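Understanding the architecture of this molecule
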Amino acid sequence: VPDALIDLRHLGRPRVCGVYLLEGSDGPALVDCGPASCLDELRAGLERHGLAVSDLRHLLLTHIHLDHGGAAGQLVRENPDLQVHVSPVGAPHVVNPARLQASARRLYGDDLERLWGPLLPVPEENVRIADGKAAGLEVLATPGHARHQVTYVDERGRAFPGDTLGVRIVPSPHIRPHAPPPDIDVEGWLHSIDQVGQRGPGEICLPHFGVVADVDAHLEELRRQLRLWVKRVGAGWTPEQFVAAAEEELLAGSDAETAPGYRSAAAAGASYLGLERYWRKRRERA
Ligand SMILES: [Zn+2]
């Protein structure tokens, strides 16, 4: 199996949402599987590499948000031997996705099914706790975007950070943090960025979207942009002001072809809500 990025063409749009197919130590592995609404594209992508869902040995979930792990239950239904690796914090929510579903419902409302498809539980016997090692890959706990987020590093030194390292539609230089509710942890996030940096990956494989080679510059720009967004919300910017500024930054750093991908993978309005909640919780504690 050649290592490959499979474009899930979410809602028909290329280069927004992807998963990585790896040659694992004991067979084909996927890093993230995408949402159930993209299963046909996932199947087509596997087929281009001569594979079917039934050939997969491992599914390594970076986190359980629906655009990353939404199809896991359906894949296990098709392939009962599939081992689903997920962080200790995320594991209970793939076994019983009721809370995950409710949280996604608050964010997406009636659009939930159209965007992400149905969410099926993963049987407990298929779940492997991603802690230390998973299917031969190193596991780093990298909370921030989500409390349960992990980053996998393979033996070639490639990092698979999920949404920890932002959204960047490669080769565009613009990096947009994605900070949706409910558990944005800014200090944890900045620490996680440092953690991955210290691990010294040669490449970063972003699900949204593509492989980043200028790792240090990427991390530096992500820190800058994240701090800026946090500061704006803390200073009381309105959602309208926040979204307008994000849009301006997006248009300055991307082009007409890639800009819609950023909006779709990381809606600025959702990041406003996540950062507003972060500040509210922080002030309640203080
Ligand atoms: Zn996410």
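The notes below deal with the structure included here. In this text, all values refer to a predicted model and were calculated from it rather than measured experimentally. (Residues numbered from 1 in each chain as written. Predicted model: local features only at pLDDT ≥ 70, side-chain atom pairs only at ≥ 80, totals over all residues. Heavy atoms only, no water.)

**Considering the coordination of the zinc ion**
The condition that has to hold: Metal coordination here is assigned from N, O and S atoms located within 2.8 Å of the ion, or within 3.2 Å for Na, K and Ca; omission of water means that sites may look incomplete. Only DSSP runs of H or I with at least four residues qualify as helices, and only runs of E with at least two residues qualify as strands; both kinds are numbered from the N terminus onward. In this scheme, a residue with accessible area under 20% of its type's maximum is buried, one over 50% is exposed, and one in between is partly exposed, where area comes from a 1.4 Å probe on protein chains only.
Coordination of the zinc ion by the protein comes from His 63 (NE2), His 65 (ND1), His 145 (NE2) and Asp 163 (OD), over a distance range of 2.1 to 2.6 Å. For the zinc ion, all donor residues lie on one chain, and their spacing in sequence is H-x1-H-x79-H-x17-D. Placement of His 65 in the loop between strand 4 (58-60) and helix 2 (66-69) and of His 145 in the loop between strand 8 (137-141) and strand 9 (150-153) is noted, with a sequence separation of 80 residues between them. Here His 65 falls in the buried class, since its relative accessible area comes to 15%. A residue is classified by how much of its surface remains accessible, and His 145, at 1% relative accessible area, is buried.

**Here we look at the nonpolar core**
Filter applied, for reference: Among buried residues, the Ala, Val, Leu, Ile, Met, Phe, Trp, Tyr and Cys ones that are joined through side-chain atoms within 4.5 Å form a nonpolar core. Contacts: residue pairs with any heavy atoms within 4.5 Å of one another.
Grouped together as the largest cluster of nonpolar side chains are 35 residues, with contacts concentrated most on Leu 30, Cys 33, Leu 42, Leu 46, Leu 59, Leu 61 and Leu 75. Among the secondary structure elements, those contributing two or more residues to this core are strand 2 (18-24), helix 1 (39-48), helix 3 (72-78), strand 5 (83-86), helix 4 (91-95), helix 5 (98-108) and helix 6 (112-116). Beyond its immediate sequence surroundings of up to four residues, Leu 59 is in contact with Leu 30, Asp 32, Cys 33, Ala 72, Leu 75, Leu 82, Gln 83, Val 84 and His 85. With 30 residues, the next largest nonpolar core counts Ala 179, Val 186, Leu 190 and Ala 246 among its residues.

**Some remarks on the pattern of salt bridges**
Selection criterion: Within this document, salt bridges are pairs made up of a side-chain nitrogen of Lys or Arg and a carboxyl oxygen of Asp or Glu, the two lying within 4 Å of each other.
For the structure shown, the criterion picks out 15 salt bridges. Of the charged contacts in the structure, one is a salt bridge between Asp 26 and Arg 57, with a shortest N-O distance of 3.5 Å. Pair noted here: Asp 26 is in the loop between strand 2 and strand 3 (27-31) and Arg 57 is in the loop between helix 1 and strand 4, with a separation of 31 residues, a long-range link. Given the relative accessible area of 39%, Asp 26 is considered partly exposed. Salt-bridge contacts for Glu 113 lead to Arg 105; the nearest nitrogen and oxygen are separated by 2.9 Å. By relative accessible area, which is 39% here, Glu 113 ends up partly exposed. When salt bridges that share partners are traced, they join Asp 194, Glu 220 and Arg 223 into one network.

**Quick word on unusual backbone geometry**
A cis amide bond, omega 10°, links Val 170 with the succeeding residue Pro 171. Relative to the elements of secondary structure, Pro 171 occurs in the loop between strand 10 (158-160) and helix 7 (186-199). The linkage connecting Pro 181 with the following residue, Pro 182, adopts the cis geometry, with an omega of 10°. For Pro 182, the position within the fold is in the loop between strand 10 and helix 7. With a phi angle near 55°, Leu 11 is a residue other than glycine that sits in the positive phi range. As for its placement among the helices and strands, Leu 11 is situated in the loop between strand 1 (4-7) and strand 2.

These figures capture arrangement, not role.
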